[in-house]
Amino acid sequence: MPPRIGLEEADELLLRFPEQLLGSSPNHETERALYCHYASRRFNRFKENKDKNELKEAIEKQEVATIATPKDDEQRPARYDLLGVMFHVRYNVTRNPEDLSNAIANAEIALNSVMDGDEARISIADRLNGYLTDRYLQKQDVADLDEAVTRTDTMHR
């Protein structure tokens with residue numbers, strides 16, 4: 001039997017040898033979960049060291065796992081929500097409008113994927129409203145602000 005390693009050692013191996021451990025595409029839930037874990041670790045490292053390459057790698061791996069997640073998977077809303085958060089964080093760093101558009105698109109998918117009555121629904125909608133507000137501040141398009149206000153009124157009734 002091969003020697004067992006602890007979680008910290010496994011985590012370190014994943015960060016040091018992602019190509020060998022992740023494979024080319026996450027076809028099964030275990031692989032998707034590993035991709036998401038890797039993305040979360042890179043995202044956390046970005047928050048600590050502000051290295052944009054960490055954020056880029058986090059977004060790339062999270063996007064691959066998220067897109068591969070089946071529509072009926074209970075993890076789908078959370079994965080799209082996190083991907084939206086990652087794009088929004090990158091938007092705050094780069095001010096690239098494409099990142100903000102990606103944040104909005106992923107938050108909308110997350111919101112449309114979450115079940116009515118799920119407690120995550122309000123937090124996803126609130127984040128989406130923040131993204132729409134940022135787009136309003138960027139483009140000065142009142143439609144973005146109207147959508148955020150309408151969505152807030154609907155969610156908090």
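We now examine the packing of aromatic side chains. Within the structure shown, the criterion is met by 0 aromatic pairs. Of note, lysine 50 hangs over the ring of phenylalanine 46, and the distance from its end group to the ring centre comes to 5.7 Å.

Glycine aside, a negative phi is what most residues show, and trans is what most peptide bonds show. Phi is positive for lysine 50, close to 60 degrees, though the residue is something other than glycine. Along the chain, lysine 50 turns up in the loop between α3 (29-49) and α4 (52-68). Unlike most non-glycine residues, arginine 95 shows phi in positive territory, near 60 degrees.

Below, the discussion takes up the nonpolar core. Core analysis: the largest hydrophobic core is formed by 24 residues, its most contacted members being Ile59, Met86, Ile104, Leu111, Leu128 and Tyr131. Contributing elements (two or more residues each) for this core: α3, α4, α5 (76-94), α6 (97-113) and α7 (120-139). Residue contributions to this core peak at 6 residues, all from α6. If we ignore the near neighbours within four places in the chain, the residues touching isoleucine 104 are Leu128, Tyr131, Leu132 and Arg135.

This part is about the confidence of the model for the protein chain. Low pLDDT marks regions whose predicted coordinates should not be analysed in detail. Here the protein chain averages 84 in pLDDT, and 78% of its residues register 70 or above. The spread of mean pLDDT over the elements of the protein chain runs between helix α2 (residues 18-22), the lowest at 57, and α5, the highest at 97.

A word on the pattern of salt bridges. Under the definition given, this model contains 7 salt bridges. Glutamate 60 serves as the salt-bridge partner of lysine 56, at 2.7 Å between the closest nitrogen and oxygen. Pair noted here: lysine 56 and glutamate 60 are both in helix α4, with a separation of 4 residues, about one helical turn. For lysine 56, a relative accessible area of 42% puts it in the partly exposed group. Looking at glutamate 60, the relative accessible area reads 33%, which means it is partly exposed. For arginine 127, the salt bridge is made with aspartate 81, and the minimal N-O distance between the two is 2.5 Å. With arginine 127 in helix α7 and aspartate 81 in helix α5, the pair connects residues that are 46 residues apart, well separated along the chain. Given a relative accessible area of 29%, arginine 127 falls into the partly exposed group. Taking relative accessible area as the criterion, aspartate 81 reaches 10% and is therefore assigned buried. A single network of salt bridges, built from pairs that share partners, joins Arg42, Arg45 and Glu54.

Right, let's get into the side chain of aspartate 134. By the secondary structure assignment, aspartate 134 is in helix α7. Within the buried core, aspartate 134 has no salt-bridge partner, and the shortest N-O distance to an opposite charge, that of arginine 95, equals 5.5 Å. Residues contacting aspartate 134, with those up to four places away along its chain left out, are His88, Tyr91, Asn92 and Leu100.

So, how was this worked out
The numbers attached to residues start from 1 for each chain and follow its sequence in the written order. For a predicted model such as this one, the threshold for reporting local features is a pLDDT of at least 70, and the threshold for listing and counting side-chain atom pairs is 80 or more; totals across whole chains, interfaces and linings nevertheless cover every residue. In computing side-chain values, all of the structure's heavy atoms are included and hydrogens and water are not. Any Phe, Tyr or Trp ring, taking Trp's six-membered ring, that has another such ring centre within 6.5 Å forms a pair; planes under 30 degrees apart are called stacked, those over 60 apart edge-to-face, and the others tilted. The criterion for a charge sitting over a ring is simple: Lys NZ or Arg CZ within 6 Å of the ring centre, and within 35 degrees of the ring normal. For the purposes of this entry, the term helix denotes a DSSP run of H or I that reaches at least four residues, the term strand denotes a run of E that reaches at least two, and both are numbered from the N terminus. The definition of a nonpolar core used throughout is a set of buried Ala, Val, Leu, Ile, Met, Phe, Trp, Tyr and Cys residues joined through side-chain atoms within 4.5 Å. When a residue's accessible area, from a 1.4 Å probe over protein chains only, is under 20% of the maximum for its type it is buried; when over 50% it is exposed; and in between it is partly exposed. Here, two residues are considered to be in contact whenever any of their heavy atoms come within 4.5 Å of each other. The predictor reports its confidence for every residue as pLDDT, a score running from 0 up to 100. In the sections that follow, a salt bridge refers to a side-chain nitrogen of Lys or Arg positioned within 4 Å of a carboxyl oxygen of Asp or Glu. Only four residue types enter the charge count: Lys and Arg as positive, Asp and Glu as negative, with His and the chain ends excluded.

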